[in-house]
Amino acid sequence: MAIVSSGSQGQDRRRSGAGSGQRLVDPQADAETAPRPEAAPEAPQAREDSLRPRRLADYIGQGELKQVLGIAIEATQARAEALDHVLLYGPPGLGKTTMALVLAEELGVRCRITSAPALERPRDIVGLLVNLQPRELLFIDEIHRLSRVAEELLYPAMEDFRLDLTVGKGTTARTRSLPLPPFTLVGATTRAGSLSSPLRDRFGLIQRLEFYGLQDLQAIVQRAAGLLRLQLESEAALEVARRCRGTPRIANRLLRRVRDVAAVNGEPLITAALVDQALSLHRVDGRGLDAHDRRLLRLMLEAYGGGPVGLDTLAAGLGEDPATLEAVVEPYLLQQGLLQRTPRGRLLTPAGRAHLDAQGAIA
Ligand code: ADP
């Protein structure tokens, strides 16, 4: 399987809000979609790719997703057809891009990777579609950000493997149809609700990725430690698992920071105490929250008596973009029961207050 990247998404993808660019626990950081084969070994993308599982059997957790896609792969191969279009949604860093690459590997085809912001002009998406080979995968990240023109070109392409192009202008304009080979579109989004329903309806398989449980995360950390040739006690892997916000991308990043401290301390074996030391240095607390998260919870408590308070108000108070706050920062806090969404705004829960109390004066 070859990976082909396309467009300029490396530069323009996933702009986070002001506060989140430098966060160790930012699930979006490092996440340039397009693996660029020419990238230097230490580039974030190369680092990320080196830890990606390649086969379905190596993809840890997400049992339901693997089951559904495993059946679809088998049935598709038996019929020698292209896999049905797949929409993967869920918070960043949970393995959507990885799963697209796994699907291509399992099907023995190439995966072309791009992201919606790189497909602004009609010719961007036309260029990609006409170059597809039969049964290849086209992965479009952030698919909720597709332009209207790109989306309209995709409808007949997805439904009938046909490209409808308008040639000429005004009264001389005509539509020409070009046949396309059967292909699979894999769309990924953190905001399934922002997808137009005609686009959503054209996906045969729609799957949500969930935050990972502790055991799966521990296994992910142990696997990554093996690939990075680190000696890691299982308690240490569990400690990283506890602090990575249920997100493999963050788990891998935390592990690298722990590796740095182990190297500087000259410790050949990584223990839970060393993980604690390293992650405390980066102010990642026992639940995986960083200073930014705690600032959000404190703002709710101290300025709004625990809420309810509107998302825009909170975003303004933090100098953060509301969409990033909603799609990137909040999901884990909600999942942990530290925050609640109510019709009247966000509410700090008793667990959220208790967590702040337990952190005391720690920023
Ligand atoms: P997304 O596309 O959802 O933002 P990615 O697919 O880029 O997330 O995953 C981020 C990183 O997390 C990958 O580089 C990979 O190393 C790791 N990862 C994700 N899912 C898994 C998994 N199920 N098992 C092991 N590692 C995973």
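None of these values were measured; they are calculated from a predicted model.

1. Considering the pairing of strand β6 (residues 174-179)
- In terms of burial, β6 is a largely surface element, zero of the six residues being buried.
- In the sheet, strand β5 (residues 162-167) pairs with β6 via six bridges, with the strands oriented antiparallel. Paired with D164 across the strands is S177, a residue of β6.
- The antiparallel hairpin formed by β5 and β6 contains six residues in its connecting segment, where G168 sits at a positive phi of about 85°.

2. Considering the site of the ligand
- The environment of the ligand is made up of 19 residues, and the closest members are I60, G93, T97, T98 and R249.
- The backbone of G95 places a nitrogen or oxygen atom 3.1 Å from an oxygen atom of the ligand.
- Here an oxygen atom of the ligand and a side-chain polar atom of T98 are 2.6 Å apart.
- Bound to the protein, the ligand loses 99% of the 560 Å² it would expose on its own.

3. Topic: the pattern of salt bridges
- One pass over the full model with this rule turns up 23 salt bridges.
- The partner of D290 in a salt bridge is R23, and the shortest N-O contact between them spans 2.8 Å. Of this pair, D290 sits in the loop between α11 (272-281) and α12 (291-304) while R23 sits in the loop between α1 (9-12) and α2 (44-50); the two residues are 267 residues apart in sequence, bridging distant segments of the chain. Of the two residues, D290 and R23, neither departs from the other in class, the shared state being buried.
- The closest approach of N and O atoms between E142 and R145, which form a salt bridge, is 2.7 Å.

4. Overview of the packing of aromatic side chains
- Following the criterion strictly, the structure yields two aromatic pairs and no others.
- Measuring from centroid to centroid gives 5.6 Å for F161 and F183, while their planes differ by 65°, and the two rings are edge-to-face. Of this pair, F161 sits in the loop between α6 (148-160) and β5 while F183 sits in the loop between β6 and β7 (184-189); the two residues are 22 residues apart in sequence, bridging distant segments of the chain.
- Ring geometry for F211 versus Y332: centroids 5.8 Å apart, planes at 80°, classification edge-to-face. Of this pair, F211 sits in the loop between β8 (205-208) and α8 (214-227) while Y332 sits in helix α14 (residues 322-335), and the two are 121 residues apart along the sequence.

5. A short note on the packing of α12 against helix α13 (residues 311-318)
- Running from N to C, α12 and α13 point in directions that differ by 110°, and their axes come no closer than 10 Å. Here α12 is positioned roughly perpendicular relative to α13, judged by the angle of their axes. As α12 packs across α13, the resulting crossing turns out to be right-handed. In this structure, α12 uses R295, L296, L299, M300 and Y304 to contact α13, whose residues at the interface are T313, L314, G317 and L318.

6. Structural notes on the environment of E120
- Looking at the element boundaries, E120 is found in the loop between β3 (111-115) and α5 (122-130).
- Expressed as a C-alpha distance, the spacing of E120 and L146, which sit 26 residues apart in the sequence, is 7.4 Å.

7. Observations concerning the packing of helix α10 (residues 248-265) against α11
- Orientation of α10 relative to α11, taken along the N-to-C sense of each, is 110°, at an axis distance of 9 Å. Between α10 and α11, the crossing angle belongs to the class labelled roughly perpendicular. Contact residues: L254, R257, V258, V261, A262 and N265 in α10; L274, V275, Q277, A278, L279 and L281 in α11.
- Split into classes, the residues belonging to the contact of α10 with α11 amount to nine nonpolar, two polar and one charged.

Calculation rules
Residues numbered from 1 in each chain as written. Predicted model: local features only at pLDDT ≥ 70, side-chain atom pairs only at ≥ 80, totals over all residues. Heavy atoms only, no water. Buried < 20%, exposed > 50% of the residue type's maximum accessible area, 1.4 Å probe, protein only. Helix = DSSP H or I, 4+ residues; strand = E, 2+ residues; numbered from the N terminus. Pairing = 2+ DSSP bridges. Near = heavy atom within 4 Å. Polar contact = N/O pair within 3.5 Å; in protein donor to acceptor, adjacent residues only side chain to side chain. Areas by Shrake-Rupley, 256 points an atom, 1.4 Å probe, with all protein chains shown as cover. Salt bridge = Lys/Arg side-chain N within 4 Å of Asp/Glu carboxyl O. Phe/Tyr/Trp six-rings, centres within 6.5 Å; stacked < 30°, edge-to-face > 60°. Axes fitted to C-alpha atoms, helices over the stretch in contact; angles between N-to-C directions. Parallel < 35°, antiparallel > 145°, perpendicular 65-115°, else oblique. Left-handed = near helix turned anticlockwise from the far one by under 90°. Contact = heavy atoms within 4.5 Å. Nonpolar A, V, L, I, M, F, W, Y, C, P; charged D, E, K, R; others polar.

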